[in-house]
Amino acid sequence: MSDHVYWNPILETMPREKLQHLQLCKFKRIFKWTYENSIFHRALYKKAGIEPGDIRSLDDVRNIPKVEKSMMQMIQNKDPFPYGDALCVPLEEVSIFRQTSGTTGQPVYQPDTWQDWEWWSECWAYILWSQGYRPKDRVFIPFGYNIFVAFWAGHYAAEKLGCEVVPGGVLDTQARLLKIQELSATAMMATPTYILRMADVAKNKLGIDPSKLSINKITCAGEPGAGIPSTKKRMQDAFGAKVYDHSGATEIGAWSFECQDQPNGMHVNEAMFLVEIEDIETGKMIDEPGKSGKMIITALDRIAQPCIRFDSKDVIEWDSKTCSCGRTFRLIKGGVQGRADDITKVKGVLLSPVAIEEVVRSIDGLGDEFEIIVDKQGDIDRIKLKVELMPDVSKQQIEGKLKDQLRLKTNLGYLIEYYDYGQLPRYEVKAKRFKDLRKKPQ
Ligand SMILES: [Zn+2]
C-alpha cells in the first residue's frame, strides 16, 4: 500500500469530465441538504428565487448567492446557542467545536459532526500522502492544540495513514526541538513563520544546526509563505527538508495541497471542493489561467454548518499547466497569492504584502522578520518597511539591492527602517506583519 502514489487513485486521476460530473452530483446533494435543514440558507435562497431543482449544471451554481464571513458572524447571534440558524443537524449530533481566530472581527464558531471531522482528516490524508508521508514516518506536531483548527486534522490524518504522531502541544520551542532531535522525527507541520522561528531558536539558542536534524519534509499552512519562493527556500535550506504548501480554513476545510513534484502551485482537491474564481473588480467568473481573482468555494461534503459558495477572500489564479504527478485536480499558480482584504491601492498602485515578502526573504543579510505599515503623510500615501539586518551585515551592503528589487517587483517606493537582528517582534503562530493605518478600525 505504501508504494502507491495516490491516496485515492480513482478520484485523484479521474478524467476531468467525470470529475466535473461528480462535483455537480455532490453539489446538488449538499445544496438540497442545506436548503432543507438550514433556516439561514433557505431564507437566502428563497429571496434569490432559487430552489434545489434549479441546479442542473455547474453554470447554474453561479446564480446561487454567495455567503460572506460577516453573514456567519450575524447568524451566530441566533438560536441554537452558540451556532445559530445555519446549523443543519440537532445540537446533540455536534461533536466538535472550533472557532476562527477573529483577525477580521468577531470569530466564527464552527460545529462539526463526527462525520464532518472524519471528512476533515480524509481531506488531510490526500495532502500528506501526496507529500510523501508514509507509515514509516514519525511526525512531530509543534502546535498548541486548542480551539483553533490549525493542525488538528493533520494530526488525525497522519494517524490514519499509519504514521507515528508526536503531539508537541504545550512544549516550548526549545523543548520541541530537543524532542525532535531525541526521537529523530522525520516530518512536521507548522506555519511558515513558526518554521523560521524554530530554525532561529535551534541555531541561536540551542547551537543546533536544524539541517542536521532528521526532518525531511515539512507541511506548511496558515500563511502563504510556502508558496513564496524566497520564503520556501529559506525554510528548505534551514532544515535541509522539502517544504510543502497547503491551504485550508476553519469555515471551509482543507481544500488544497502542493504535491511532491512541487509544481510551483497547489492542487485543488476537486473531489471534495468546488472552487470558482471571481474577478475582484468586475465580479465576473474567471475560468481561464492568466488572471487572478478571489476564491468562491463550496465544501461538497460538509454537513453540520455547510460551506456553499463561501467568499473566502483568498486571491488565487488557475495555472495553465497540468502537473507531472498525474493528478487531474487543477493547479492554482503559486498557491494563495494573498488576501483580497490585504491587497490595497497605494499611490494608485495595487500593493500585495506577499510581493514584499518575496523580496525581503530573497536578500541574504536580511533576517526573517519584517513589518509593513501603510499610512498617510499629509495627503500622500507612505509605505514604511521595517527590516532586520543579520549580525555583521551593514545597511550599505544591501540597501541598493533591496530598493531596486522592491521597485522592480512592486513598482513602489518605500521608507525603509533598519533594525538590529532580534529587535522586531517574533511570532509563534501567524505573524501580523501588515498594517494599513489609513483604514478605520472596525
Ligand atoms: Zn502534482
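Residues numbered from 1 in each chain as written. Predicted model: local features only at pLDDT ≥ 70, side-chain atom pairs only at ≥ 80, totals over all residues.

Draft legend 1. The pairing of strand 17 (residues 366–377), seen in detail. With nine bridges connecting them, strand 17 and strand 18 (residues 380–389) associate as antiparallel partners. Bridge pairing in strand 18 places E371 opposite K386. Counting the residues between successive antiparallel strands, the hairpin from strand 17 to strand 18 contains two residues, one of them, G378, with a positive phi of roughly 65°. (Pairing = 2+ DSSP bridges. Helix = DSSP H or I, 4+ residues; strand = E, 2+ residues; numbered from the N terminus.)

Draft legend 2. View of the packing of helix 8 (residues 173–183) against helix 9 (residues 192–204). Taken N-terminus to C-terminus, the directions of helix 8 and helix 9 make an angle of 80°; their axes are 10 Å apart at the nearest point. One way to sum up the angle between helix 8 and helix 9 is to call them roughly perpendicular. Residues T173, Q174 and L177 of helix 8 pack against R197, M198, V201 and A202 of helix 9. Considering only residue class, the contact of helix 8 with helix 9 consists of four nonpolar, two polar and one charged. (Axes fitted to C-alpha atoms, helices over the stretch in contact; angles between N-to-C directions. Parallel < 35°, antiparallel > 145°, perpendicular 65-115°, else oblique. Contact = placed C-beta atoms within 7 Å. Nonpolar A, V, L, I, M, F, W, Y, C, P; charged D, E, K, R; others polar.)

Draft legend 3. Spotlight on the sheet that holds strand 18. Pairing within the open sheet is mixed, and its four strands lie in the order 19-18-17-20. Where the open sheet ends on each side, the last strands, each with one partner, are strand 19 (415–420) and strand 20 (434–436). Each strand axis lies, on average, 15° off the axis of its neighbour in the sheet, ignoring direction. Direction of pairing for strand 18 relative to strand 19: parallel, over a ladder of six bridges. In the sheet register, K384 faces strand 19, and the bridge partner there is L415.

Draft legend 4. Main features of the nonpolar core. One finds V139, M188, I218 and I297 to be the most contacted residues of the largest nonpolar core, which totals 98 residues. Ignoring any residue separated from it by four or fewer positions in sequence, one finds I297 in contact with I252, W255, F273, L274, V275, C307, F310 and S312. Core analysis: the second largest hydrophobic core is formed by nine residues, I356, F370, V387 and L406 among them. (Core = buried A, V, L, I, M, F, W, Y, C linked by C-beta atoms within 7 Å. Buried ≥ 20, exposed ≤ 12 C-beta atoms within 10 Å, placed from the backbone.)

Draft legend 5. Structural view of the domain arrangement of the protein chain. Entries for the protein chain in the domain assignment read domain 1 (1–340) and domain 2 (344–436). Once you take the C-alpha centre of each, domain 1 and domain 2 turn out to be 29 Å apart. Across the boundary between the two partners, domain 1 contributes 16 residues, which contact 14 residues of domain 2. Sorting the residues of the side of domain 1 that touches domain 2 by element identifies helix 9 and helix 10 (229–239) as the ones contributing at least two each. With five residues, helix 9 is the largest single contributor of residues to the side of domain 1 that touches domain 2. Considering only residue class, the side of domain 1 that touches domain 2 consists of five nonpolar, seven polar and four charged. (Domains from an automatic or database assignment.)

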